[in-house]
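Breakdown of the fold
The primary structure of each chain is shown beneath.
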Amino acid sequence: MNTEQLERMQKGRGFIAALDQSGGSTPKALKAYGIDETEYHGDKEMFDLVHEMRTRIIKNPAFSADRILAAILFENTMDRKIDGEYTADYLWEKKHIVPFLKIDRGLEEEKRHVRLMKPIPALDETLEHAAGERHIFGTKERSVILDYDEQGIRDIVEQQFELGLRVFSHGLVPILEPEVDIHSPKKAESERFLKECIRERLKKLEPSVKLMLKLTIPTENNLYEELMADPHVVRIVALSGGYSREKADELLAGNRGLIASFSRALSEGLRKQQTEEEFSASLRTAVDAIYEASIR
């Protein structure tokens, strides 16, 4: 584990940029960026285009360490290069931004009002490759709570911690992401029960274990403040969950110590057709707004 990167994640000011759209969400990300599905054919062209988009974001001066602590990458992006360097090396060496890797492979069908993660093939090989050859600091793994169901939420938490411990055994810091759907009829109740399940699971960990949590911005302000004080928790970050950037920033600002890990809210307003001046101005607006909400 890179101790300098750990120190930055524990104490640095800023937010995490989620640049980890994968196969299922990439067409939507490209469409929002101004590239229609008719403009590319097959996965290779699609991933070439999304890497161009991510490269444009990462290389822009607005994407800087004074606002951004870390970036979450898709596996395809991890194995691609920016200006001759693998993406994670470029992020850390050129930008001083900590690299994370999305490792989940999608969600199972709904059961007990939750969607667990699908099995992750060749996980240990991926983690060894990420830590040893691509200099990744940590991982991110997402599952979803659709409505209040105590057994379903327990299942989500147990799966997240089991996977997180496997990740940590490879010298990586996992970001556990048990998302609560913002449209859940009992969102607040689900979040309160989720917090208790996480709190109980943290008590069972060995003292050396370090992890992060990525959680939906809670309905009840400062709900997760107690978890932030746990010695195992490096940081708690918030996902935008489909809120607009303006709404996500407003909600985030009401939660002390919670920092952003936004994807759609970050790229909102960015278009391929923009001039570099227009693109930079739009990205700077997004970065500044998310940063300000994260440090309040």
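Let us look at the structure shown here. Owing to the predicted nature of the structure, the values given are computational and were not obtained by experimental measurement. (Residues numbered from 1 in each chain as written. Predicted model: local features only at pLDDT ≥ 70, side-chain atom pairs only at ≥ 80, totals over all residues. Heavy atoms only, no water.)

Turning next to the overall build of the chain. Within the chain, the secondary structure is distributed over twelve helices and eleven strands. For the chain, the C-alpha radius of gyration of 18 Å lies close to 19 Å, the compact-globule estimate for 296 residues. In terms of overall dimensions, the chain has C-alpha extents of about 50 × 40 × 35 Å along its principal axes. When each of the 296 residues of the chain is scored for burial, the buried share is 55%. Sequence separation of at least 24 residues holds for 73% of the intrachain contacts in the chain that already meet a minimum separation of 6. With the model as given, the accessible surface of the chain reaches about 12800 Å², and the carbon-plus-sulfur share is 47%. Computing the positive centroid from 44 side-chain charges and the negative centroid from 53, the chain places the two 2 Å apart. (Helix = DSSP H or I, 4+ residues; strand = E, 2+ residues; numbered from the N terminus. Rg over C-alpha atoms; globule rule 2.2 N^0.38 Å. Buried < 20%, exposed > 50% of the residue type's maximum accessible area, 1.4 Å probe, protein only. Contact = heavy atoms within 4.5 Å. Areas by Shrake-Rupley, 256 points an atom, 1.4 Å probe, with all protein chains shown as cover. Lys, Arg positive; Asp, Glu negative; His and termini not counted. Charge placed at Lys NZ, Arg CZ, Asp CG, Glu CD.)

To continue, consider the side chain of His232. Assignment of secondary structure puts His232 in the loop between helix 9 (225-228) and strand 10 (233-239). Setting aside residues up to four positions removed in sequence, His232 forms contacts with Leu202, Leu205, Glu206, Pro207, Val209, Lys210 and Leu211.

Once that is clear, we can look at the packing of aromatic side chains. Taken as a whole and assessed by the stated rule, the structure comprises three aromatic pairs. Consider the rings of Phe47 and Phe74, whose centres lie 5.5 Å apart with planes at 35°: the pair is tilted. Residue Phe47 is found in helix 3 (residues 42-59), and its partner Phe74 is found in the loop between strand 2 (68-73) and helix 4 (75-78); the two are separated by 27 residues along the sequence. Phe74 sits in the buried class, given a relative accessible area of 15%. Look at Phe100 and Phe137: their rings are 5.5 Å apart centre to centre, the planes differ by 85°, and that puts the pair in the edge-to-face class. Here Phe100 is found in strand 5 (residues 98-102), whereas its partner Phe137 is found in the loop between helix 6 (123-132) and strand 7 (138-145), with 37 residues between them in sequence. Against the face of Tyr291 rests Arg67, its NZ or CZ located 4.2 Å from the ring centre. Over the ring of Tyr86 we find Lys81, and its NZ or CZ is 4.8 Å from the ring centre. (Phe/Tyr/Trp six-rings, centres within 6.5 Å; stacked < 30°, edge-to-face > 60°. Lys NZ or Arg CZ within 6 Å of the ring centre and 35° of its normal.)

As a further point, take the pattern of salt bridges. Under the defined criterion, the tally for this structure stands at 28 salt bridges. Put simply, Arg199 and Glu226 hold a salt bridge, and the shortest N to O gap is 3.7 Å. Of this pair, Arg199 sits in helix 8 (residues 187-202) while Glu226 is found in helix 9, placing the two residues 27 residues apart along the sequence. The exposure class of Glu226 is partly exposed, given its relative accessible area of 43%. A single network of salt bridges, built from pairs that share partners, joins Lys195, Glu196, Arg199, Glu200, Lys203 and Glu226. (Salt bridge = Lys/Arg side-chain N within 4 Å of Asp/Glu carboxyl O.)

Estimates place the volume of the second largest pocket at around 180 Å³. Lining the second largest pocket we find 14 residues, and of these Asn2, Gln5, His135, Ile136 and Phe137 sit closest to its centre. For the lining of the second largest pocket, the element with the highest residue contribution is helix 5 (residues 87-95), accounting for four residues. Tallied by class, residues from the lining of the second largest pocket come to eight nonpolar, four polar and two charged. (1 Å grid on protein atoms, 1.4 Å probe; cavity = no way out; pocket = protein on both sides within 12 Å on 5 of 7 lines; lining within 4 Å. Points joined across faces, edges and corners; volume = space filled by probe spheres on them. Nonpolar A, V, L, I, M, F, W, Y, C, P; charged D, E, K, R; others polar.)

The biggest cluster of nonpolar side chains holds 80 residues, and the ones touching the most others in it are Phe63, Leu194, Ile198 and Leu283. In terms of nonpolar packing, the next biggest core, distinct from the first, is built from 16 residues, Ala70, Val98, Met212 and Val237 among them. (Core = buried A, V, L, I, M, F, W, Y, C linked by side-chain atoms within 4.5 Å.)

Fair warning: the whole summary comes from geometry, so function is off the table for now.
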